[in-house]
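Spelled out from the first residue to the last, the chains are:
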Amino acid sequence: MEAALAYAKPIVRGGPVTDGVFAAGAFYRPTLLEVQDVNTEIVQKEVFGPVATFELFDSESDAIARANSTEMGPLAGIFTTTSTSAVA
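One structure accompanies this document, and this report is about it. Since the structure is predicted, the reported quantities are computational estimates derived from the model, not experimental observations. (Residues numbered from 1 in each chain as written. Predicted model: local features only at pLDDT ≥ 70, side-chain atom pairs only at ≥ 80, totals over all residues. Heavy atoms only, no water.)

Topic: the overall build of the protein
Formally: Numbering of helices and strands runs from the N terminus; a helix is a DSSP stretch of H or I covering at least four residues, while a strand is a stretch of E covering at least two. For this analysis, residues touch if any pair of their heavy atoms sits within 4.5 Å. The method behind every accessible area is Shrake-Rupley, applied with a 1.4 Å probe, and residues are considered shielded solely by the protein chains displayed.
Along the backbone of the protein there are two helices and five strands. Taking the intrachain contacts of the protein between residues at least 6 apart in sequence as the baseline, contacts between residues at least 24 apart amount to 30%. For the protein, the computed accessible surface area is about 6,700 Å², with 58% contributed by carbon and sulfur atoms.

Right, here's the structure in full:
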């Protein structure tokens with residue numbers, strides 16, 4: 001996760017729990033990262049933890065290309081300002 005900060009902009013930055021009852025375990029606070037390049041490791045590799053990437057796109061075809069650019073894609077979400085959209 002720390003390596004991803006070299007190429008990703010943290011929108012919501014969590015990190016390991018360092019205090020309280022969960023500090024003794026392997027607990028990680030939720031993190032959301034804005035990523036420009038879909039070829040970066042944080043996008044291409046599966047992350048075990050509450051870490052998600054946030055990507056902007058210019059067109060529907062750009063969004064589809066980004067979604068199809070990874071080997072792993074167990075979950076994805078699309079938020080738009082228009083009421084009509086098609087997902088292929």
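What to know about the pattern of salt bridges
For clarity, the cut-off: Salt bridge criterion: a side-chain nitrogen from Lys or Arg within 4 Å of a carboxyl oxygen from Asp or Glu. Under the scheme applied here, a residue whose accessible area is under 20% of the maximum for its type counts as buried, over 50% as exposed, and between as partly exposed, the area being computed with a 1.4 Å probe on protein chains only.
Scanning the model with the defined rule gives three salt bridges in all. Residues Asp-19 and Arg-29 are paired through a salt bridge, measuring 3.4 Å at the closest nitrogen-oxygen approach. You can see Asp-19 sitting in the loop between strand 2 (15-16) and strand 3 (28-29) and its partner Arg-29 sitting in strand 3, a full 10 residues away along the chain. The class of Arg-29 is partly exposed, set by a relative accessible area of 35%. With a closest N to O distance of 2.8 Å, Arg-66 and Glu-55 form a salt bridge. Taken together, the residues span a long stretch of sequence, with Arg-66 in helix 2 (residues 60-67) and Glu-55 in the loop between strand 5 (51-54) and helix 2 at a distance of 11 residues. Among the residues examined, Arg-66 registers a relative accessible area of 17% and is labelled buried. Residue Glu-55 is classed as partly exposed on the basis of its relative accessible area, which comes to 23%. Connected through shared salt-bridge partners, Glu-55, Asp-62 and Arg-66 make up one network.

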